[in-house]
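# Fold and contact review
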Amino acid sequence: MRRELGMLIALVVMCLMLFVSNPDFLGPSNTLNTMRQISMLGIYAIGIGFVIISGGIDLSIGSVIGLTGVIIAKLSSSSLPGLGYSLWVGIPCALAVALLIGLAQGLLITRLKLQPFVVTLAGMLLIRGVSQTVAEGGTISFGDAPFLELANGGLLRVRGEPLLPYPVLIFLVVVGIGTFLLHFTVLGRYVYAIGGNREAARYSGIDVNRVETLTYVISAGLAGVAGVCYAAYIGQMSQQVGVAYELYAIAAAVLGGCSLRGGEGTVLGIVIGSAIMRVIDNGINMFQLQHRDESGIARIWRLNPNWTFIIIGAVILLAVVLDQLAHMVNAARRTRRAMTGAGTGPPAEGVEVESSAKTS
């Protein structure tokens, strides 16, 4: 938990700095919107966390998010080219498609021994093409459908604003279930074992193929849940929704302590990493410094929005570098302990006999 504690402290410091620079950062409107953004990112970041901890990678979840929303819009939107079916038809169908995508990719990786990077990269492009075809290259709007209340509504309303938006409640349920599965079940132990040493896990009797396939199903399924939330939040869907979302999820997982080597990571860390990613994204727009120019006129300096991907990319690179340094330090410590233990322990029997022979 040392890494999670450090990231939590960094998150608190970032929030305090942004609040000092711009008190509107903790205003009701911005706080609620940031909570929604953190929740929606956290839902599918936890899904990809299962894959990363098992030693895999999933580049298709952004496209799965987009396809889920497009299918819901196509089936349930009353405006053309929507078909006007009930949401009780659109949402289950979209989630079923997401789960089937995860199952198909998991089977390709485990049964045909294909590289996860290649399979999910191809899946990302293929699924985005399907979304574009379903949406007919355009945008499908939900209009003023009650479905939009899923993103804008919530519990415990104060002055018309919910203190607990529905995406936050869904996120909390996902966090609870994810924590239970990853940290308190046999499945979770198997996921860590496979990520730590795949061959050792296989020789110990773990059905590696089944567990690994299940992680891709979980990842795609949670991407589908996030896609439902994004569809309600945006109010209209096209093939552009979900582009580069997988990079945010991977960054959130890595920032939260998931090693790209596998075998490391916690749900709590992924939650903190998701919060950091969204606070950085929001902070680029909210951060400001007040100063006076040479004529004494008060000016406000803001970060250039064009720096968004520069800053996020630098944060991802820093997280990977820190992860590598941590592994190097731990490896050096283990080597030092092994050498120290070998030097202070009793000599091996063979060495003692060999020395006696040389003396004689």
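All of the points below concern the structure found in this document.

Scoring rules and cut-offs
Residues numbered from 1 in each chain as written. Predicted model: local features only at pLDDT ≥ 70, side-chain atom pairs only at ≥ 80, totals over all residues. Heavy atoms only, no water. Core = buried A, V, L, I, M, F, W, Y, C linked by side-chain atoms within 4.5 Å. Buried < 20%, exposed > 50% of the residue type's maximum accessible area, 1.4 Å probe, protein only. Contact = heavy atoms within 4.5 Å. Patch = residues over 30% accessible without salt bridge, like charges linked within 9 Å, V, L, I, M, F, W, Y side chains within 5 Å. Areas by Shrake-Rupley, 256 points an atom, 1.4 Å probe, with all protein chains shown as cover. Salt bridge = Lys/Arg side-chain N within 4 Å of Asp/Glu carboxyl O. Helix = DSSP H or I, 4+ residues; strand = E, 2+ residues; numbered from the N terminus. Axes fitted to C-alpha atoms, helices over the stretch in contact; angles between N-to-C directions. Parallel < 35°, antiparallel > 145°, perpendicular 65-115°, else oblique. Left-handed = near helix turned anticlockwise from the far one by under 90°. Nonpolar A, V, L, I, M, F, W, Y, C, P; charged D, E, K, R; others polar. Expected span 1.5 Å × (residues − 1). Polar contact = N/O pair within 3.5 Å; in protein donor to acceptor, adjacent residues only side chain to side chain. Phe/Tyr/Trp six-rings, centres within 6.5 Å; stacked < 30°, edge-to-face > 60°. Pairing = 2+ DSSP bridges. Lys, Arg positive; Asp, Glu negative; His and termini not counted. Charge placed at Lys NZ, Arg CZ, Asp CG, Glu CD. Disulfide = S-S within 2.5 Å.

### Let's talk about the nonpolar core
Core analysis: the largest hydrophobic core is formed by 82 residues, its most contacted members being Tyr 44, Ile 46, Phe 142 and Met 277. Apart from the residues within four sequence positions on either side, Ile 46 is in contact with Phe 171, Val 174, Val 175, Leu 222, Val 267 and Ile 270.

### With respect to a nonpolar patch on the surface
A cluster of nonpolar side chains, namely Leu 5, Leu 8, Ile 9, Val 12, Val 13, Leu 16 and Met 17, defines an oily patch on the protein surface of about 640 Å² accessible area. With respect to the helices and strands, Ile 9 occurs in helix H1 (residues 2-21).

### A few points about the packing of helix H2 (residues 28-53) against helix H12 (residues 267-286)
One can describe the packing of H2 onto H12 by two numbers: an axis separation of 8 Å at closest approach and a directional angle of 140 degrees. Classed by the angle they form, the pair H2 and H12 counts as oblique. Where H2 crosses over H12, the handedness of that crossing is right-handed. Contacts from Asn 30, Thr 34, Gln 37, Ile 38, Leu 41, Gly 42, Tyr 44, Ala 45, Ile 46 and Gly 49 in H2 reach Val 267, Ile 270, Ser 274, Ala 275, Met 277, Arg 278, Asn 282 and Met 286 in H12. In terms of residue class, the contact of H2 with H12 is built from ten nonpolar, seven polar and one charged.

### Remarks on H12
Taking 1.5 Å of rise per residue, 20 residues should cover 28 Å, and H12 covers 28 Å from first to last C-alpha, within 8% of that figure. Taking burial as the measure, the 20 residues of H12 include 16 buried ones, the bulk of the element.

### What to know about the environment of Asp 281
Structurally, the position occupied by Asp 281 is in helix H12. Sequence separation of Asp 281 and Gln 37 is 244 residues, and the distance between their C-alpha atoms is 9.9 Å. Discounting residues that sit within four places of it in the chain, Asp 281 has contacts with Tyr 248, Thr 308 and Ile 312. Separated by 3.3 Å, the side chains of Asp 281 and Arg 278 make a polar contact.

### Section: the pattern of salt bridges
Here the structure, examined in full by the defined rule, presents five salt bridges. For Glu 199, the salt bridge is made with Arg 202, and the minimal N-O distance between the two is 4.0 Å. Here Glu 199 and its partner Arg 202 are both found in helix H9 (residues 198-203), three residues apart, which amounts to about one turn of the helix. The class for Glu 199 is partly exposed, based on a relative accessible area of 39%. With a relative accessible area of 33%, Arg 202 lands in the partly exposed category. A salt bridge links Arg 210 to Asp 207; the nearest nitrogen and oxygen atoms lie 3.5 Å apart. Arg 210 sits in the exposed class, given a relative accessible area of 59%. Since its relative accessible area comes to 37%, Asp 207 is described here as partly exposed.

### Notes on the packing of aromatic side chains
A full pass over the atoms with the stated rule returns four aromatic pairs. Here the aromatic rings of Phe 142 and Phe 147 are separated by 5.0 Å at their centres, their planes lie at 45 degrees, and the arrangement is tilted. The buried category is assigned to Phe 147, whose relative accessible area is 5%. Considering the side-chain rings of Tyr 230 and Tyr 245, the 5.1 Å spacing of their centres and the 45 degrees angle between planes classify their relative orientation as tilted.

### Re the pairing of strand S2 (residues 154-158)
For a regular strand, side-chain orientation follows a simple rule: the groups alternate between the two sheet faces. Two elements, S2 and strand S3 (residues 161-165), share four bridges in a ladder whose sense is antiparallel. Directly across from Leu 155, in S3, lies its bridge partner Leu 164. Connecting S2 to the antiparallel partner S3 that follows it, the hairpin turn spans two residues, and Arg 159 within it adopts a positive phi of roughly 55 degrees.

### Observations regarding the environment of Ala 319
Here Ala 319 shows up in helix H13 (residues 308-344). Measuring from C-alpha to C-alpha, the distance between Ala 319 and Gly 62 comes to 21 Å, with 257 residues separating the pair along the chain. Among all residues touching Ala 319, those that are not within four sequence positions of it are Val 254 and Leu 255.

### Points about the side chain of Ser 131
Within the element layout of this structure, Ser 131 appears in helix H5 (residues 116-134). Using a relative accessible area of 3% as the deciding quantity, one classes Ser 131 as buried. In this structure, Ser 131 is in contact with Ser 63, Gly 66, Leu 67, Val 70 and Gln 239, ignoring residues within four places of it in sequence.

### Focus: a positive patch on the surface
Side chains of Arg 2, Arg 333, Arg 334, Arg 336 and Arg 337 sit close together on the surface and give a patch of like positive charge. With four residues, the top contributor of residues to the positive patch is H13. In this fold, Arg 334 is placed in helix H13. The class for Arg 334 is exposed, based on a relative accessible area of 54%.

### A word on the state of the cysteines
Here the structure, examined in full by the defined rule, presents zero disulfides. Between Cys 93, a cysteine without a disulfide, and Cys 229, which holds the nearest cysteine sulfur, the sulfur-to-sulfur distance is 18 Å. Judged by relative accessible area, which is 1%, Cys 229 ranks as buried.

### Some thoughts on the packing of H1 against H12
Between H1 and H12, whose axes approach to 10 Å, the crossing angle comes to 25 degrees. The angle between H1 and H12 falls in the class roughly parallel. Of the two possible hands of crossing, H1 and H12 adopt the one that is left-handed. Across the interface between the two elements, Glu 4, Met 7, Leu 8, Leu 11, Met 14, Cys 15 and Leu 18 of H1 pack against Gly 269, Ile 272, Ala 275, Ile 276, Val 279, Ile 280 and Gly 283 of H12. A class-by-class count of the residues in the contact of H1 with H12 yields eleven nonpolar, two polar and one charged.

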